[in-house]
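Spelled out, the chains give:
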Amino acid sequence: MEKNQFASKKVAIIGGGISGLYLAWKLADAGHRVKVFEKKKTLGKKECSGLVSERVFNFIPQARKLIKTQIDFVLVHAPRKTLKINYKEKFYILDHEDLDREVALLAKAAGVEIVLGQDINELPAPADFDRVIGCDGYNSIVRRKLGLPSPTFRLGIQGFCAPPRGAQPVHPAGVHTWVVPNGFIWEIPRVDRIEYGIMADPADARRIFEEFCRRKNLTIEDVRSSIVPQGFTIPKNSAITLCGDAVGLTKPWSGGGIAWGLMAADMLLSTFPDFLAYRKKARKFFLPKIIFSKASTRFGYFMALKLPWLLPARFTIRGDFLL
């Protein structure tokens, strides 16, 4: 989207997460008047491991300074076999909260107005804004007001514990995961502590995670949780659309949504202000990948839990796409 390619629009973005802030920054930089409404009183998502691919820095080069460490592989522990997954791209750990705040600074510098502590219960009036973009997460008020279906949900729980007494600060190269029904438990050694978490069905996640922690004799502190949506819902509406978690746009195998959300945001920017063209472009790109990834994920869980000896001991994947 070239600067001033179209007449300046007044744009309301509901939700100040990474997708909303990125869109606000880029739209304002292109000459549009942008206002972000965020219901929380502070910016920054805490409930996230912050495992991102090299791709993220194509969108936000300034985020390289936030890198904590590089991740080279994942060890997947099935009941009777351990698999090693290598990434074709480089992956890094950073704090999602820091990433949000970095992009917020870029957005403000471009002229974006960010309103905090603003809980939106109704859609902004058409007389006030030319375009409205819902980036308001899994429980999107914009999606609900448009009468659109909700995505499916899994629950993510995250916590931290101190490294063993006397151990030196940890600088990891790999992540450990344990396969559970319709999800996984993870362990990510950070610089000064170890992160554990789970993503699984909401009815089972907490119980499975607590049982795992008891078996491992782990004392978990600073526990956080968040709903992880999975779906694809973009309205047929020329003035109102959705992006990021409000669409349900997360990777079926990992629940990560940063890279996919930024890619969808770039599609929106490339077609702005034509929201119907954005919908068409995003559907064509993401839907085949979501369908294939869901089927592959279900198959992978089944094989890891039931027939692990048939799986290769190591393989390489693209971290952001299985297809």
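The structure we're discussing is the one just above.
To keep things clear, this report deals only with the structure shown in the data block. Computed from a predicted model, the values in this text were never measured in an experiment.

Ile13, Tyr22, Leu23, Ile60, Leu99, Ile133 and Phe286 are the most contacted members of the largest nonpolar core, which totals 66 residues. A per-element tally of this core places helix α6 (residues 258-271) first, with 10 residues. Every residue in contact with isoleucine 60, bar those within four places of it in the chain, is listed here: Ile18, Tyr22, Trp25, Leu99, Val103, Leu106 and Leu262. Membership of the second largest hydrophobic core comes to 21 residues, among which are Ala78, Val228, Met303 and Leu311.

On to the packing of aromatic side chains, then. Following the criterion strictly, the structure yields 15 aromatic pairs and no others. Counting every residue linked through ring pairs, the aromatic cluster contains Trp253, Trp260, Phe285, Phe286 and Phe321. Just above the ring of phenylalanine 73 sits the side chain of lysine 84; from NZ or CZ to the centre is 4.6 Å. The cationic tip of lysine 289 hangs over the ring face of phenylalanine 285; the distance from NZ or CZ to the ring centre is 4.0 Å.

With that out of the way, let us pick up the pairing of strand β5 (residues 81-93). Both strand β3 (residues 51-53) and β5 contribute to a ladder of 3 bridges, which runs antiparallel. Each residue of the ladder has a partner; that of serine 53, found in β5, is phenylalanine 91. When strand β4 (residues 69-78) meets β5, the two strands line up antiparallel, connected through 9 bridges. Looking at β5, one finds that phenylalanine 73 is bridged to asparagine 86. Here β4 folds back onto β5 in antiparallel fashion, the turn holding 2 residues. In terms of strand pairing, β5 meets strand β14 (residues 314-317) through 4 bridges, oriented parallel. Bridged to isoleucine 85 within β14 is phenylalanine 315.

We now examine the packing of helix α1 (residues 18-29) against helix α3 (residues 96-109). Closest axis-to-axis distance for the α1/α3 pair is 8 Å, and the angle between their directions is 20°. As the angle between them shows, α1 and α3 are arranged roughly parallel. Where α1 crosses over α3, the two elements pack in a sense that is left-handed. Residues Ile18, Leu21, Tyr22 and Trp25 of α1 touch α3, and the partners they reach there are His96, Leu99, Asp100, Val103, Ala104, Leu106 and Ala107. Here the residues of the contact of α1 with α3 are counted per class, giving 9 nonpolar, 1 polar and 1 charged.

Here threonine 271 lies in helix α6. Under the relative-accessibility criterion, threonine 271 is labelled buried at 17%. Of note is the side chain of threonine 271, whose polar atom sits 3.0 Å from the backbone oxygen of methionine 267. A distance of 3.5 Å separates a polar side-chain atom of threonine 271 from the backbone nitrogen of tyrosine 278.

On to the environment of arginine 190. Along the chain, the position of arginine 190 falls in the loop between β10 (183-189) and β11 (194-200). As for arginine 190 and aspartate 130, which are separated by 60 residues in sequence, their C-alpha atoms are 44 Å apart.

For the coordinates displayed, the defined rule picks out 16 salt bridges. Between aspartate 204 and arginine 207 there is a salt bridge; the shortest N-O distance is 3.6 Å. One network of salt bridges, with partners in common, ties together Arg55, Glu89, Lys251 and Asp320.

Right, let's talk about the side chain of glutamate 187 for a bit. Tracing the sequence through the fold places glutamate 187 in strand β10. Notably, glutamate 187 is buried but unbridged: the nearest opposite-charge side chain belongs to lysine 216, and the N-O separation is 6.9 Å. Engagement of the side chain of glutamate 187 in a polar contact is seen with the side chain of tyrosine 196, the distance being 2.7 Å. When sequence neighbours within four positions are dropped, the list of residues in contact with glutamate 187 reads Val175, His176, Trp178, Ile194, Glu195 and Tyr196.

With 12 residues, α1 extends 16 Å from end C-alpha to end C-alpha; this agrees with the ideal 16 Å at 1.5 Å per step. For α1, the tally of buried residues reaches 10 of 12 residues, placing the bulk of the element in the interior. Buried within α1 are the following residues: Ile18, Ser19, Gly20, Leu21, Tyr22, Leu23, Ala24, Trp25, Leu27 and Ala28. In the segment just after α1, glycine 31 is the residue with positive phi, at about 100°.

What follows covers the sheet that holds strand β13 (residues 240-242). Reading across the sheet, the 5 strands line up as β6-β2-β1-β7-β13 and stay open at both edges, with parallel pairing between neighbours. With one partner strand each, in any of the chains shown, β6 (113-116) and β13 form the two edges of the open sheet. Neighbour-to-neighbour, the strand axes of the sheet open up by a mean angle of 20°, direction not taken into account. Two elements, strand β1 (residues 10-14) and strand β2 (residues 33-38), share 5 bridges in a ladder whose sense is parallel. In the strand pairing of β2, alanine 12 is matched with lysine 35. The sheet contacts of α1 involve β1, β2, β6 and β7 (131-134), and relative to β1 the element is tilted by about 165°. Packing of helix α7 (residues 275-306) onto the sheet brings it into contact with β7 and β13, and relative to β13 it is tilted by some 25°.

Cut-off values and rules
- Residues numbered from 1 in each chain as written.
- Predicted model: local features only at pLDDT ≥ 70, side-chain atom pairs only at ≥ 80, totals over all residues.
- Heavy atoms only, no water.
- Core = buried A, V, L, I, M, F, W, Y, C linked by side-chain atoms within 4.5 Å.
- Buried < 20%, exposed > 50% of the residue type's maximum accessible area, 1.4 Å probe, protein only.
- Helix = DSSP H or I, 4+ residues; strand = E, 2+ residues; numbered from the N terminus.
- Contact = heavy atoms within 4.5 Å.
- Phe/Tyr/Trp six-rings, centres within 6.5 Å; stacked < 30°, edge-to-face > 60°.
- Lys NZ or Arg CZ within 6 Å of the ring centre and 35° of its normal.
- Pairing = 2+ DSSP bridges.
- Axes fitted to C-alpha atoms, helices over the stretch in contact; angles between N-to-C directions.
- Parallel < 35°, antiparallel > 145°, perpendicular 65-115°, else oblique.
- Left-handed = near helix turned anticlockwise from the far one by under 90°.
- Nonpolar A, V, L, I, M, F, W, Y, C, P; charged D, E, K, R; others polar.
- Polar contact = N/O pair within 3.5 Å; in protein donor to acceptor, adjacent residues only side chain to side chain.
- Salt bridge = Lys/Arg side-chain N within 4 Å of Asp/Glu carboxyl O.
- Lys, Arg positive; Asp, Glu negative; His and termini not counted.
- Expected span 1.5 Å × (residues − 1).

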